[in-house]
Each structure stands twice: as structure tokens, then as C-alpha cells.
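Tertiary structure, described
The residues making up each chain are set out below.
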Amino acid sequence: MADQYAQIGEDSKPTEIPAIRWEEPPEGPVLVLLDQTRLPAEEVELVCTDASALVEAIRSLAVRGAPLLGIAGAYGVALAAARGFDVDEAAAVLAGARPTAVNLAVGVRRAEAAYRAELAKSGDEELAAGAALAAARRLHREDAAASAAMAERGLALLDELLPGGGHRVLTHCNTGSLVSGGEGTAFAVALAAHRAGQLRRLWVDETRPLLQGARLTAYEAARSGMAYTLLTDNAAGSLFAAGEVDAVLIGADRIAADGSVANKVGSYPLAVLARYHHVPFIVVAPVTTVDPDTPDGASIEVEQRAGHEVTEIAAPQVPVAGFEAGGGIPVAPLGTQAYNPAFDVTPPELVTAIVTEEGVVSPVTAEALAELCARSREVTTS
């Protein structure tokens, strides 16, 4: 079924627009997404009526960010169940839509398990669909609570490492409310520092090639009234050399059992720069991002994206003579091959700390991560 778009009214405030929500109009349940590919120029909602539409939204980055992908995956299973589609098939295609982001598969599994358990118990597909939706909503609420806890723990860590306030924080990609059921991961920590009067400057990496920092993080920072400055990714080194960075805050798409961190490509060079310049490099992510089944960084599957994201500059909101809306402006000779990994992997020895809702791991070791995950499981099952 084709996707539908709904234009958001001009009077709506972006900070009040949820990145994802479930609705039940008369024609049947739908999953409504804020289309992040259209930001910051347009605030447009994408309406998904089945799992295949959601998969396309995930692959096109209309919905993105590790925690939000987990929520979306769970709602996708619920959507398939509620509309009478094959739940096994929907779960399989959803879980594989972005292979590096472990939260996506976690969310899919939680909703699918709830569906299967209720179906085995009652034999009623309608009740089973309701159980899947309840699991998705529960995950959504849990992520909002995790976001608040990470912000609190992250700010406390910044204050411990950098007493005196006036923090100048560099961030990469987008880790705010656009990727979360709450206010985000790394961005939520910076936002907490801002609200406490302790953020002097948020340095926003542009995050090439898709400019999630320029389009999305700057968008959120501006709406939150934060003091921020945008820079190209290759300007970060000069910023460190000038002594203008007090800490680096990033999110994560997967954290291996040994503490290796997969995040948006460009994160690893920041870790190297931070180590050389004696600047804390802090990863902020929920416990669901830790994948004990992935032993180390070399075992993380890194998604390779289309070369045209590098060889063209997309300008979907701006009409350009000679190019159709949604196309790209070539910046390389025709036929140029491009290397375009979506993520890179930072080894644990370059990570100062991993901040989760359950606690802070520092130094980052396999043993400390395993203990944190075990503690989290105890809390979840108690």
C-alpha cells in the first residue's frame, strides 16, 4: 500500500511533533512518522499502513536513530498483526532493514514475542495483535524514561570530569528527540547541561554525507535555544588543536560485548582526536544498544549505503533548475565509485565512558559491560 503524506500546520511547534506515533483512524491503524529526510525545510508526516512502507521509511532514513528504530520495529510488528498481515514475514523484513542498528531487531523481537505468547495462550489473533501493540507502547515509554536517566547520569559525569561548568561539547550525527521516545541520548545530556546553565557551546559536526548534524541536530539545538555552532567534519581537528573542545558526546547504533562502539561514520576519527588532545570521549546509549552476542568490533556488520549519497548532493526541498525534486546535484564525474559506510567502529580503549540509563561504565571493559547488562536484566524481570 502506498505511503501517504500529511503536511503539518504552520502553527505547530517542531519540539511538540512526535517523531513517531500510533493512530487508529476509521480505515484502520497506522504508524505516523515525522519524515526526517524533509527537515529542516519542511515538517511533513509520513503515514505507514503496512510493514513494507515502514521498511522503506527506515531504509530511506525517514525514521532513524538506534532507540527510535527499536520503537519503530515494535510498532511495525503490531501494525502487521493489527492489519492481518503475516507477522513472521513482517518481523523478518523489519529486523533486517538496517543491519548495524541492534535496537531495531530488539524492538521487533519484543513485539513478536508478545504476539506469539498471547496467540499461544488464547488462540485469538486480535488479542495477540493487542499484545504486540502493548509491547511496543511499553518499549516507547521505557525509552522515554531511559532518555531522562541518561541525561541525568551524563550531566553528572560531565560535572565530575569537567568541574566548573561552561562545557564546550562536540557532537556528531543526531541524537536528540528525533531518535528517541524522549529527548534523546547524547543530545539529551547536552540539553540537560544547557538547562542547568552549564553549556557554553555545542559544536555540531555537519555529519556527511547526509548532513544529519546540519539538518537535524542544528534544528533541535535552535529550537531548544542552545548556543551552538555548525562545522564541517574535517574542521574538527583544528577545533581540538585550538583547545575549544572540552568533551565529545556521541550516541551508538551497536555496542559489542567488548565495548567497541559502532556509530555514524566519522565518530572514530573524533575518538582518535580526543585521545590525542586529552579530551573525554563519551558514548551515551540505552542498555538495549549493548549486544552481548556480538563479541567485538570486528564482528559488527557495517551497513554500506549507496554511492550516490557521496557523488551527489541531495536537495529534496529546494527546486534546482534541471533536476527533479528528490534528486541530487552531481559533485563528482559520472561513473565515480564511492566508499560509503554508514558507520565506523571505535575500540573500547578510546572510549572514556559509556553512559546508560542503568549506570556509567568507565573504564570500558567486557566485564563491566556484562555486569551492567546482567543488572539491567534483573531490574527488567523483577
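Residues numbered from 1 in each chain as written. Predicted model: local features only at pLDDT ≥ 70, side-chain atom pairs only at ≥ 80, totals over all residues. Heavy atoms only, no water.

**Brief notes about the pattern of salt bridges**
- Inspection of the entire model under this criterion finds 14 salt bridges.
- Ionic pairing is found between D246 and R168, a salt bridge with its closest N-O pair at 2.9 Å. Of the two residues, D246 is situated in the loop between α8 (236-241) and β8 (247-250) and R168 in strand β5 (residues 167-171); the sequence distance between them amounts to 78 residues.
- In this structure D246 comes out as buried when scored by relative accessible area, which is 17%.
- Overall, R168 belongs to the buried group, its relative accessible area being 13%.
- Here E309 ties to R305 by a salt bridge, and the two come within 2.8 Å at their closest N and O atoms. Considered together, E309 and R305 belong to a single accessibility category, that of buried residues. (Salt bridge = Lys/Arg side-chain N within 4 Å of Asp/Glu carboxyl O. Helix = DSSP H or I, 4+ residues; strand = E, 2+ residues; numbered from the N terminus. Buried < 20%, exposed > 50% of the residue type's maximum accessible area, 1.4 Å probe, protein only.)

**Some words on the packing of aromatic side chains**
- This structure, assessed with the given rule, holds one aromatic pair.
- Residues W22 and Y75 carry aromatic rings whose centres are separated by 6.0 Å and whose planes lie at 25° to one another, so their mutual orientation is stacked. In this pair, W22 sits in strand β2 (residues 20-23) while Y75 sits in helix α2 (residues 66-82), placing the two residues 53 residues apart along the sequence. The pair formed by W22 and Y75 is uniform in burial state, with each residue classed as buried.
- Geometry around F343 places K264 over its ring, the cationic atom sitting 4.9 Å from the centre. (Phe/Tyr/Trp six-rings, centres within 6.5 Å; stacked < 30°, edge-to-face > 60°. Lys NZ or Arg CZ within 6 Å of the ring centre and 35° of its normal.)

Shape is all these values report; function is a separate question.
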